[in-house]
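Architecture and fold: a report
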Amino acid sequence: DSTHNLFILTKQNDVYRFGQNKLVHLFQIPSAKPDIVLGASTDILVTTAPHADSLDVWDKNGTWLSRQPTMFSEEQIRDGMIWHPAGALADGKLLMVAKDPHGKLMYYGSIDKDGVSDIYPIVASTNFSFGFVYDQYNKRLMLNDGKEMYRLNPMTGHLEHLFSGL
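Residues numbered from 1 in each chain as written. Predicted model: local features only at pLDDT ≥ 70, side-chain atom pairs only at ≥ 80, totals over all residues. Heavy atoms only, no water.

Time to look at the confidence of the model for the protein chain. A residue-level look at the protein chain finds 88% of positions with pLDDT of 70 or above and a mean pLDDT of 84. For the protein chain, per-element mean pLDDT is lowest for helix α1 (residues 74–78), which scores 60, and highest for strand β3 (residues 22–28), which scores 95. (pLDDT = per-residue confidence, 0-100. Helix = DSSP H or I, 4+ residues; strand = E, 2+ residues; numbered from the N terminus.)

Pasting the structure below:
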């Protein structure tokens with residue numbers, strides 16, 4: 001995070017913060033599911049599980065703040081949309097992306113301590129199932145379709161083609 005802490009999620013669903021040469025246990029996620037994911041912004045931590053209908057929001061000291069709905073319809077959840085944290089945006093927001101069961105990036109949005117933003121589709125003539133990387137310095141989502149590279153500005157929705165021939 002911005003204060004040089006490292007947040008660690010264990011297979012036992014314990015979350016630790018490593019900073020200033022010490023490891024501190026923050027909380028244990030009350031779930032038997034082994035595939036929980038963790039994301040961090042400047043202000044919050046977010047945990048979720050694949051196919052979950054909500055996201056849990058925690059402060060950086062391990063205090064649970066709220067459970068926020070993913071804003072997906074029941075059909076989208078049933079069809080396997082999975083949320084993944086991508087990286088910190090401005091003002092304490094965390095960028096989230098949603099993939100379908102085949103790994104194609106379909107939607108993006110953000111979450112902060114007050115809730116989930118509007119959800120926006122990733123509109124492109126290509127399939128971004130080869131992965132994404134979040135550029136935390138420029139606050140852009142780098143998308144790869146296996147042949148070409150694109151950059152998405154999550155604040156404006158602008159998708160820019162960068163280069164071909166990967």
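The next thing to look at is the environment of aspartate 14. Looking at where aspartate 14 falls in the secondary structure, it is placed in strand β2 (residues 14–19). Residue classification places aspartate 14 among the buried positions, given a relative accessible area of 13%. Considered as a pair, aspartate 14 and glutamine 28 are 14 residues apart in the sequence and their alpha carbons are 4.2 Å apart. In this view, aspartate 14 contacts Ile8, Leu9, His25, Phe27 and Gln28; residues no more than four positions away in its chain are not counted. A polar atom in the side chain of aspartate 14 sits 2.9 Å from the side chain of histidine 25. (Buried < 20%, exposed > 50% of the residue type's maximum accessible area, 1.4 Å probe, protein only. Contact = heavy atoms within 4.5 Å. Polar contact = N/O pair within 3.5 Å; in protein donor to acceptor, adjacent residues only side chain to side chain.)

Read from one edge to the other, the open sheet built from three strands follows the order β1-β2-β3, with strand pairing classed as antiparallel. Strand pairing shows two members of the sheet lacking a second neighbour, β1 (6–9) and β3, which therefore form its edges. Looking at each pair of strands side by side, their axes are set apart by 25° on average, direction ignored. With six bridges connecting them, β2 and β3 associate as antiparallel partners. (Pairing = 2+ DSSP bridges. Axes fitted to C-alpha atoms, helices over the stretch in contact; angles between N-to-C directions.)

Right, let's get into the side chain of asparagine 153. Here asparagine 153 lies in the loop between β15 (148–152) and β16 (159–164). At 2.8 Å, the side chain of asparagine 153 forms a polar contact with the backbone nitrogen of methionine 155. Here asparagine 153 is in contact with Tyr108, Arg140 and His158, once residues within four sequence places are set aside.

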